Amino acid sequence: NGDVSVTQNGSGNTSYYSAGTSNNNDAFINQQGGLNLSNVIQNFQGAGALAIVEQSNTSPVTGNSAYIEQISAGYSANPAEFALGADARIYQTGDSHSSSISQTGYSDVPAEANFARNQQFGENHGSSISQSGVDNYADVYQSGSGHVSLVSQSGDSNIANVYQQGTLHTSSISQVGNGANSDVI
């Protein structure tokens, strides 16, 4: 039950947060400036994980990078307990950002897990979301020009929504197994 909040201003900053085998350890990262890196790794059991990364920059210093990995390992107990509730969100404004979210859910019964959102405003952004297991939901919004969006989902409920506004965008969605539903606008 330990939350972490990081605020960094300027260029070339790095934020690395890792939480293992625990509950309700939320991460809130805010970076202002260019060439910043944020890595959040959460391995959780029981009641969920939340990670929110916000990055913004202005020219000429560009190119922030954000990575969130949420692994729901699950465990056995008496009575049985299940990992659920992974929530990852990355918000980026400016130019030339990259965003990556990887989620692995675990549950022996249907449970809410694996919500991912990437929002990017500006030019030349890359977004990647990979989800495996339980109630997957991926949401991507990109506005500007020259964006790339990749979504990969396998196992369980599988919903992906990609909205790209502007010009010269590319979108790819791969869904394998169970619910599968995708929209690209």
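Refer to the structure above for everything that follows.
Being a predicted model, the structure only gives us computed values, none of them experimental.

### Overview of the environment of aspartate 87
Turning to its location among the elements, aspartate 87 is positioned in strand 7 (residues 84–95). Given a relative accessible area of 16%, aspartate 87 falls into the buried group. In sequence terms aspartate 87 and alanine 49 are 38 residues apart; their C-alpha atoms lie 6.1 Å from each other. Beyond its immediate stretch of four places on either side in the chain, aspartate 87 contacts Ala49, Leu50, Ala51, Gln70, Gln103 and Phe115. A distance of 2.9 Å separates a polar atom in the side chain of aspartate 87 from a polar atom in the side chain of arginine 89.

### Quick notes on the pattern of salt bridges
Should their charged atoms come close, side chains of opposite charge can pair. Within this structure, the stated rule accounts for 2 salt bridges. A salt bridge links arginine 89 to aspartate 87; the shortest N-O distance between them is 2.9 Å. The class of arginine 89 is partly exposed, set by a relative accessible area of 22%. Of the charged contacts, one joins arginine 117 and aspartate 139 as a salt bridge, the two residues approaching to 2.8 Å between their closest N and O atoms. In this pair, arginine 117 sits in strand 9 (residues 115–123) while aspartate 139 sits in strand 11 (residues 137–145), placing the two residues 22 residues apart along the sequence.

### Looking at the nonpolar core
Ranked by size, the top nonpolar core spans 19 residues in total, and within it Val40, Val53, Ile68, Ile90, Ile101, Ile129 and Val151 carry the most contacts. Contact partners of isoleucine 68, with chain neighbours within four places excluded, come to Val40, Ala51, Val53, Ala88, Arg89, Ile90, Ser100, Ile101 and Ser102.

Cut-offs used in this document
- Residues numbered from 1 in each chain as written.
- Predicted model: local features only at pLDDT ≥ 70, side-chain atom pairs only at ≥ 80, totals over all residues.
- Heavy atoms only, no water.
- Helix = DSSP H or I, 4+ residues; strand = E, 2+ residues; numbered from the N terminus.
- Buried < 20%, exposed > 50% of the residue type's maximum accessible area, 1.4 Å probe, protein only.
- Contact = heavy atoms within 4.5 Å.
- Polar contact = N/O pair within 3.5 Å; in protein donor to acceptor, adjacent residues only side chain to side chain.
- Salt bridge = Lys/Arg side-chain N within 4 Å of Asp/Glu carboxyl O.
- Core = buried A, V, L, I, M, F, W, Y, C linked by side-chain atoms within 4.5 Å.

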